[in-house]
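# Structural characterization, general
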4 protein chains.
Amino acid sequence: MLKTYSIKEIPYYHIYGRTDEMQNPLPLFWNGSGIEVNVTGSELWIDLDIDCSFHEPWIATELNGAFMSRQMLLPGSYSICLFRNMTLGVPKTMKFFRELQAMSEDNDCHVFVRGFQCDGEFLPVKEHKYKIEFVGDSITSGEGTYGAISDTDWLTMYMSSSENYATFTAKALDADYRIISQGGWGVYCGWDNDVRHNIPSYYEKICGLGFGKANEAAGAQKDYHFASWKPDAIVVNLGTNDASAFNQPPFTIPETGETFKQHKNPDGNFMEKDRERFENAVYDFLKMIRKNNPEAHIVWVYGMLGYDLTLPITNAMNRYQKDTGDHNTAFLNLPNTTADTVGAHMHPGVKSHERAARALIEYLQEILL
Amino acid sequence: MLKTYSIKEIPYYHIYGRTDEMQNPLPLFWNGSGIEVNVTGSELWIDLDIDCSFHEPWIATELNGAFMSRQMLLPGSYSICLFRNMTLGVPKTMKFFRELQAMSEDNDCHVFVRGFQCDGEFLPVKEHKYKIEFVGDSITSGEGTYGAISDTDWLTMYMSSSENYATFTAKALDADYRIISQGGWGVYCGWDNDVRHNIPSYYEKICGLGFGKANEAAGAQKDYHFASWKPDAIVVNLGTNDASAFNQPPFTIPETGETFKQHKNPDGNFMEKDRERFENAVYDFLKMIRKNNPEAHIVWVYGMLGYDLTLPITNAMNRYQKDTGDHNTAFLNLPNTTADTVGAHMHPGVKSHERAARALIEYLQEILL
Amino acid sequence: MLKTYSIKEIPYYHIYGRTDEMQNPLPLFWNGSGIEVNVTGSELWIDLDIDCSFHEPWIATELNGAFMSRQMLLPGSYSICLFRNMTLGVPKTMKFFRELQAMSEDNDCHVFVRGFQCDGEFLPVKEHKYKIEFVGDSITSGEGTYGAISDTDWLTMYMSSSENYATFTAKALDADYRIISQGGWGVYCGWDNDVRHNIPSYYEKICGLGFGKANEAAGAQKDYHFASWKPDAIVVNLGTNDASAFNQPPFTIPETGETFKQHKNPDGNFMEKDRERFENAVYDFLKMIRKNNPEAHIVWVYGMLGYDLTLPITNAMNRYQKDTGDHNTAFLNLPNTTADTVGAHMHPGVKSHERAARALIEYLQEILL
Amino acid sequence: MLKTYSIKEIPYYHIYGRTDEMQNPLPLFWNGSGIEVNVTGSELWIDLDIDCSFHEPWIATELNGAFMSRQMLLPGSYSICLFRNMTLGVPKTMKFFRELQAMSEDNDCHVFVRGFQCDGEFLPVKEHKYKIEFVGDSITSGEGTYGAISDTDWLTMYMSSSENYATFTAKALDADYRIISQGGWGVYCGWDNDVRHNIPSYYEKICGLGFGKANEAAGAQKDYHFASWKPDAIVVNLGTNDASAFNQPPFTIPETGETFKQHKNPDGNFMEKDRERFENAVYDFLKMIRKNNPEAHIVWVYGMLGYDLTLPITNAMNRYQKDTGDHNTAFLNLPNTTADTVGAHMHPGVKSHERAARALIEYLQEILL
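Residues numbered from 1 in each chain as written. Chains lettered and ligands numbered in written order. Predicted model: local features only at pLDDT ≥ 70, side-chain atom pairs only at ≥ 80, totals over all residues. Heavy atoms only, no water.

### What about the relation of the copies chain B and chain A?
For these two chain copies, the linking operation is a rotation about an axis paired with a shift along it. What counts is decided by this rule: Copy-to-copy alignment: least squares on C-alpha atoms, limited to residues at pLDDT 70 or above in both. We call two residues in contact whenever any of their non-hydrogen atoms come within 4.5 Å of each other.
The transform that puts chain B on chain A rotates by 180 degrees and translates by 0.0 Å along the axis, for an RMSD of 0.0 Å. These values place the two chain copies in the arrangement generated by a two-fold rotation axis. Of the C-alpha atoms belonging to chain B, the one lying closest to the rotation axis is found on Arg70 of chain B, 2.6 Å away. A symmetric contact is evident, with 100% of the interface residues of chain B recurring at the interface of chain A.

Dropping the structure here:
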């Protein structure tokens, strides 16, 4: 018979993704955020609180490590059956995880887990060998990994963590992982020159991009406790939107009237001052990451949507290394997306994510030895 | 604003899979059965009647030809949102389809479509270039295409039409397609010598494997109207369970006490009489298929789970050709499943289905020219 | 210092391919025929007697199992340096092998090995785990595995054993192997209805296709001593030219005036009597192979250039099995060649050979266990 | 009937690789250097002058764009038959090219083409769409693309231009190409800290690495006439040996007694002064390349044997860009070689070259548009 467990009554579970682990219900803030249990029951349900005003969350499940389901979640408090009629007594690992990035444009959007219903016991969950943090933009939010190549709407269903280089990499290396990413954002500014849309400003919160009453009440804006989860490696995949900003019109912040624009010279090269502004953001972000993660190997990866900022990024990294003597940092190009590997919305498709993951896995395998 | 349409009120739609198209609600009997619409709305819901006693149905959706969602459906009358917030006015193709085979072991199991809710218009649905019918067993039911390699429960979630050589083939050739398949069944008998579990006995009904009151009321046991949908090619993928029967203990039909067993000689070869029984079933099934499909190219494919019956199948086909002069029939080995390509439950995995599809696509491309 | 060894003075070597091993010099009659030595010397030369009137032989070398060189050999008695300046004392395996099929159309064509020159010792050569015999036509002669897709001359340089499904299969299974093949030939007749061009008539000689004084003197026309090399498996890849004959004009043997032609009926199917003629040839060849190889598994593979004769071949095999009770025989389709995998002269390219080899390797792995 | 043509009597041919085109015979100095003709003859021979003291040259041929032969050339003046018995009158493209790098350690080593013998006419040779120059070390010399993984001798047979990312790239882009490369050399110093082994010192000669009387007489040490062949792109693949030098003992130049060593700090990082020395060499080489090739796109590629110097290379490139304003320069990581893709002598194998080529082709395709 099914018995209902609040999240706090479950003896063993593993949480993926940054969250406030003290919360009940448990918020899943980021794509790739999830909860994994190992149960002997024949049947398992998950109890959820879901909301959104426009951008509905999508989730997916993995049974014993294999993709099983993927669906839209509409607002409400309800339960979803994760499996049924399995052999009672045999342990099964079920992972329920968020496909959708933290949705900074929808304050109501959230996925909270109240608990589970099961007719068996909860067993300890297998631990991972490594810990990796991924910091990125739409690429790391998996935008375009679902959907037809011709699809161009900007909608939540096209994003995923299930078909995502970050997940592929973590799986191949047997790593627990956490994703901090936001489509359209950069390290200095967003694709449209909106300087508020930089990841570093939000990096030190649990989920600085989780706005709105419900997310705040669930701890999104609390300081992230870096010591609680020390990554072996941090993969930063930022710069793609910063590059775009050089080709976009100026952006005016409505509240202040301030206008921002990254410029190119008439010859098509980046204007020196604006390039420096970007490089300083890279430099400062490296410092921020290191301050909070003294032992992690930091690799800045770049190229899945063009190589334009390879040299500026490395320039900042070189200056950072010189100033700090911190050589536990590296740069790596990931292969660009081509007509053969593109997905929906002009973003990397599954094949591009697989190819990028291969290069990154090979790189990290040597580092993590 | 969403407007509700019963299935009969929709001006344009395409039905995949054998069904009684006059029914309202519309039954989706087989795996691969589905309904496709082309709408201008920003939002689309499907209204369903679902039931089962044990084996819950699973369904999946494709938006503009790309896989989007896959989920379990529990009993009840309810609606599912297929998409929302898309650009109003732009045509979108949405296909909702059944992952689970016709479930002969669960009389209550059914997926009925009552209609749709949409805020836009229904446009004509793109037609396919060819029509292909697939007749098979668990391989064609996609068993093992989802799930971990270690998973061995016999459950509905492991079956699919979304990752299935039949679907891959139909897509590559731009073909409308219909699947008639049942896990464990054969052309003469099932994997366990149960002679009732032969596909030919049910081939001439709309869905002879759809038992129970609800399925019958929905037309499952009606004669299938072959003239209504004339396939260019029929792919028969049967024999795998007939081969297994030679290695299994005898089967006794409880109702009659009759016992059946396909025997091997002490040297490991098929006993002549039993082999003939199998060959006669192949022979008779070819006659039945041809009677109902005078113009279709019939190709018997075999090998995805072992090549044991290659020669008996071809022997029956040769006799059939000699007796009838019907040379619009052919045999083709599909590549066996290996450790590299196996899926859950010791069945072909996605890689095996992809490889088989490649051989079949190449074959049919020449035939359908 | 280099020392010259006649073939008879070498303590250890391995011969690939059927030959008269007592001969000195040693004839390499077939494609894939070769000699392998394991030497400690820093330098190794091979001493050759080569001739041809039109079709010059091509050979290739493998050092420690890796392809190293490939070249044309023109008539003469001369030596070729196989390697030089390697580390003295370290064992190296060098295989020198014939790329060109036995050349039935050039009586002078031959590759005879007189011996080696080396500055080190000859060590025992590693033995293989299995033995496999391959019997075939131009496919097994590797025609088209070298050359541009547009090349259509019928020339020796386009044939190979280095890029050949037979070699790929033997290597993957660690098998010693022997090839008996001839481009344009069949099991009943050649591509052009020349009934003299059937492999079975020559199967029982060492190299029945090696005509001319030199080849005969080297033992080509001697009876092959089947007991001296007992294959675990025999792969027959014949039928492709027999299929072609049905589409070609009649052939008249100039010496006798007899005319031969395999016919199709007006409906495009094989005329019964002609089909039987072919089937009888398959049947008789199976008997001949079995008589000479009582324990070998015989697999007839077919399909790399079309599936036309799948059913006639299997019909003969079924009749053979029924009449003889010999079930250690099997049929297997190999994947057809497509625009993606074609090579020169409309023949299977390297990709087609690789794909065929994969299917055959997987098949034989289970048989040879 | 064969007619002999000295190189100067041939009306049309295409030369690959830097050389002194006025020479007769024509020297082929570099790997990838070759001569291509388009002839109507049925037979074609090439007349050669070959020499070496230790490191014998290897060459290969391509007929109509397809690899046909590969062989060792021993010292002497002789002719090689490139093809025979082809259809007279039909144009054939034959490319004869050098597999072996310019051999700085063997002053006698050379491949000189005296001319051809042919029974047909010479037609104009098809022109390429682009021109690309490749500058590199053992990777670009194709070391390890032939040979078994276990082979570790440093010998000429293991090097190639036939299986080489530079050739793959040039072919895919329809580019004429020239290779300047030397195994073990770097941009500042060789793998063993020998500072004489830097490519820039020799870059401005036709073949600065071609020492000895014969090579000098053939023009090797002449200034290269950059204006005669203006590349669209220059690919520099240097740094791998410079990285190695940091891990090797000091090197003393015997003639002068001067000792050189690139150092690491105790923490494993590059010592600042030594790193700067390397960076200055990159910086200066970029200036030298640009001076000689005002319009070429210069891309520095790096990573096929480790990513250690990614940041120092980019640091020099950034400084170069800042100082010169030359933004027609870029950096690109190529994928590292792994256990799956390694070749002989711990060098990139064919699979690694294919993978690197894919990334480079995709990159250049966008640049060359």
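### Observations concerning the environment of Ile15 of chain A
Applicable threshold: Helix and strand definitions here come from DSSP, where helices need a minimum of 4 consecutive H or I residues and strands a minimum of 2 consecutive E residues; each element is numbered from the N-terminal end.
Counting through the fold element by element, Ile15 of chain A comes out in strand E2 (residues 14-16). Sequence-distant contacts of Ile15 of chain A, defined by excluding residues within four places in its chain, comprise Glu21, Leu26, Gly34 and Asp176 of chain A.

### Section: the pattern of salt bridges
Note that side chains of opposite charge can pair when their charged atoms are close. To keep things clear, this is the line we draw: The rule for a salt bridge is simple: a side-chain nitrogen of Lys or Arg has to be within 4 Å of a carboxyl oxygen of Asp or Glu.
Throughout the structure, instances matching the rule amount to 68 salt bridges over all chains. Among the salt bridges present, the one from Arg70 of chain A reaches Glu99 of chain A, with a minimum N-O distance of 2.6 Å. With Arg70 of chain A in strand E7 (residues 66-72) and Glu99 of chain A in the loop between strand E9 (92-98) and strand E10 (110-118), this pair connects stretches of sequence that are 29 residues apart. Of the charged contacts, one joins Arg196 of chain D and Glu255 of chain D as a salt bridge, the two residues approaching to 3.3 Å between their closest N and O atoms.

### Concerning the packing of helix H4 (residues 272-292) of chain B against helix H5 (residues 310-324) of chain B
Residues and elements named next belong to chain B. Let me state the cut-off plainly: Geometry is summarised by axes, namely lines fitted to C-alpha atoms with helices restricted to the contacting stretch, and by angles between N-to-C directions that run from 0 to 180 degrees. Note that the term roughly parallel is reserved for angles under 35 degrees, roughly antiparallel for angles over 145, roughly perpendicular for angles of 65 to 115, and oblique for everything else. Helix crossings get a hand from a simple test, with the near helix turned counterclockwise from the far one by less than a right angle marking a left-handed crossing and a clockwise turn marking a right-handed one. Note on residue categories: nonpolar means Ala, Val, Leu, Ile, Met, Phe, Trp, Tyr, Cys or Pro, charged means Asp, Glu, Lys or Arg, and polar means any other residue, Gly included.
Contact geometry of H4 with H5 gives a least axis separation of 9 Å together with a crossing angle of 50 degrees. Comparing their axes, H5 and H4 come out oblique. Here H4 and H5 pass one another in a crossing that is right-handed. Between H4 and H5, the residues in contact are Arg275, Phe278, Glu279, Asn280, Val282, Tyr283, Leu286, Lys287 and Arg290 and Leu311, Pro312, Ile313, Asn315, Ala316, Met317, Arg319, Tyr320, Asp323 and Thr324, respectively. Classifying every residue of the contact of H4 with H5 by side-chain character gives 10 nonpolar, three polar and six charged.

### Comments concerning helix H1 (residues 165-172) of chain D
One turn of the α-helix equals 3.6 residues, which is why residues spaced by three or four share an orientation. Residues and elements named next belong to chain D. Test applied: Here the term buried applies to any residue with accessible area under 20% of the maximum for its type, exposed to any over 50%, and partly exposed to those in between, with areas from a 1.4 Å probe on protein chains only. Polar contact criterion, stated in full: a pair of N or O atoms within 3.5 Å, where within protein one must be able to donate a hydrogen and the other to accept it, and residues adjacent in sequence count only if both atoms are side-chain atoms.
For H1, the tally of buried residues reaches six of eight residues, placing the bulk of the element in the interior. Every buried residue of H1 is accounted for by Tyr165, Ala166, Thr167, Phe168, Thr169 and Ala170. Those residues of H1 hidden inside the fold are in contact with strand E12 (130-136), strand E13 (175-181), strand E14 (233-237) and helix H6 (350-368). Taking the backbone nitrogen of Ala166 as reference, a side-chain oxygen 2.8 Å away marks Asn164 as the first, capping residue of H1. Of the residues trailing H1, Asp174 is marked for its positive phi of about 55 degrees.

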